[in-house]
Amino acid sequence: MPALSGVSPDHDRVSADQAAQTALQYYGIDGTAQRLAAEFDDTFRLTAADGSSWLLKIGATRPPRPPAGHAAHGGVSLETAILLHLASAAPRLPVQRVIFALDGRPEVRWVDSGQPRLVRMTSWLDGGLLGRDGSTTGLRRDLGSVLGRLNRALRGFSHPGASRTHQWDLQRFGALEPLLAELTLDDALRAALSGCLSRFGAEVAPRLGTARSQVIHADFHGENLLADGTRVTGILDFGDALSGPVAMDVGIAACYQLGHGADPLAPALDVVAGYHAADPLSPGELDLVGEFILARVATRIIVSRWNAIREPANRGYLLRRTPQAIGQFEALRRLAPDEVAGRLRTACGM
């Protein structure tokens, strides 16, 4: 298996002035750049004098060597290839569109301090982040439905870069054990997380080989989605996309709609039901969705804390949701896997 990627940046952050200069040099767009919060990449909103806006993303690390078959996909990265595919395969889906550079390239390799970094510009989608407002049953069901439409549009799409993995890849959940060992945690939480990792490796991982798999978004949560209060109006950031089980994508989306208190699962059921209505899931896939919900919550705790140690300047952003995740993890651990699976099936009318 490939090594995990997505570790803390090994470069100096790009300044807003540098981002604006890059946009002018490669795209001919003269504007001011405003940094946006991001885990690793340097991401900016570029605004011209007339108020027009674009998203400029400068990759955190040097672009990987193009894998075999790369030229067949236009020689572009996975994220760019996905956006180009969706522009033709699903033009009604609310995703950003690739802005081509002055020389016609859909992405640029920019040299920073002697190191090449990938630059991509896309259209700007207006709207409020779904994660900033409370959700409703209707909005959660629409979230699931939009994810179902997205996965239908990506079904059959392939790219050599989709075989990658990273810290948030739940197929490699067990690889987080060494990261957990480095964290300072109370004994009860450490034991619970370790037990979750062990159980997943023994009981869940063996079932993944036969699960329906394709290229998935793998990060479908409220800070990567725009909404108007009743429906999803924008899908952002395919930076974590990879090839993985459909059930994993649904579990990730549902995880971020968990509630608070003794029964966090209830609102997440709306997401799964909405997905099932758009792209039906099998009973076995619904069982896996429940497992992936718990695994993603545990991953949020482990990876966020580990990354915060390595990038203390970004600690506030990285740990902003960790206390909430710990509470949800503890509540979910009190539910038996069979109970979770049964409630998911009931929510989908099985």
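Residues numbered from 1 in each chain as written. Predicted model: local features only at pLDDT ≥ 70, side-chain atom pairs only at ≥ 80, totals over all residues. Heavy atoms only, no water.

Undergrad: Looking at this model, I keep getting lost on the overall build of the protein. Mind explaining?
TA: In terms of regular secondary structure, the protein is built from 11 helices and 11 strands. With the C-alpha coordinates of the protein rotated into their principal frame, the extents come out at 55 × 45 × 40 Å. By residue count, 53% of the 350 residues in the protein fall in the buried class. When contacts within the protein are restricted to residue pairs at least 6 apart in sequence, those whose partners lie at least 24 apart make up 75%. Surface summary for the protein: the accessible area is close to 14,900 Å², and the carbon and sulfur share equals 52%. Positive and negative charge centroids in the protein, built from 36 and 37 side chains respectively, lie 2 Å apart. (Helix = DSSP H or I, 4+ residues; strand = E, 2+ residues; numbered from the N terminus. Buried < 20%, exposed > 50% of the residue type's maximum accessible area, 1.4 Å probe, protein only. Contact = heavy atoms within 4.5 Å. Areas by Shrake-Rupley, 256 points an atom, 1.4 Å probe, with all protein chains shown as cover. Lys, Arg positive; Asp, Glu negative; His and termini not counted. Charge placed at Lys NZ, Arg CZ, Asp CG, Glu CD.)

Undergrad: Quick question: what am I supposed to make of the packing of helix α5 (residues 187-204) against helix α8 (residues 283-310) here?
TA: Relative placement of two packed helices is described by the angle separating their axes and the distance separating the axes. At their nearest, the axes of α5 and α8 sit 11 Å apart, and the two run at 145° to each other. Here α5 and α8 pass one another in a crossing that is left-handed. On α8, the residues touching Leu193, Cys196, Leu197, Arg199, Phe200 and Val204 of α5 are Leu288, Glu291, Phe292, Leu294, Ala295, Ala298, Ile301 and Ile302. In the contact of α5 with α8, the residues fall into 12 nonpolar, no polar and 2 charged. (Axes fitted to C-alpha atoms, helices over the stretch in contact; angles between N-to-C directions. Left-handed = near helix turned anticlockwise from the far one by under 90°. Nonpolar A, V, L, I, M, F, W, Y, C, P; charged D, E, K, R; others polar.)

Undergrad: What's the story with the packing of aromatic side chains in this structure? I'm lost.
TA: One pair of aromatic rings is described through two measures. These are the centre distance and the angle between the planes. If you walk through the whole model with that rule in mind, you get 2 aromatic pairs. Geometrically, the ring pair formed by Phe173 and Phe200 is edge-to-face, given 5.2 Å between the ring centres and 75° between the ring planes. Of this pair, Phe173 sits in the loop between α3 (137-154) and α4 (177-181) while Phe200 sits in helix α5, and the two are 27 residues apart along the sequence. Taken individually, Phe173 and Phe200 each receive the classification buried, so the pair is uniform in this respect. A centroid spacing of 6.0 Å and a plane angle of 55° characterise the contact between Phe200 and Phe292, whose relative ring orientation is tilted. Separated by 92 residues along the polypeptide, Phe200 in helix α5 and Phe292 in helix α8 bring together distant segments of the chain. (Phe/Tyr/Trp six-rings, centres within 6.5 Å; stacked < 30°, edge-to-face > 60°.)

Undergrad: What is the right way to look at the sheet that holds strand β7 (residues 128-129) in this model?
TA: Sheet strands pair by backbone hydrogen bonding; their relative direction is either parallel or antiparallel. The strand order across the open sheet built from 3 strands is β7-β9-β10, with neighbouring strands paired in antiparallel fashion. Of all strands in the sheet, those bounded by a partner on one side alone are β7 and β10 (232-235). Against the sheet, α3 makes contact with β9 (225-227) and β10, and its axis sits at roughly 40° relative to β10, the strand it touches most. (Pairing = 2+ DSSP bridges.)

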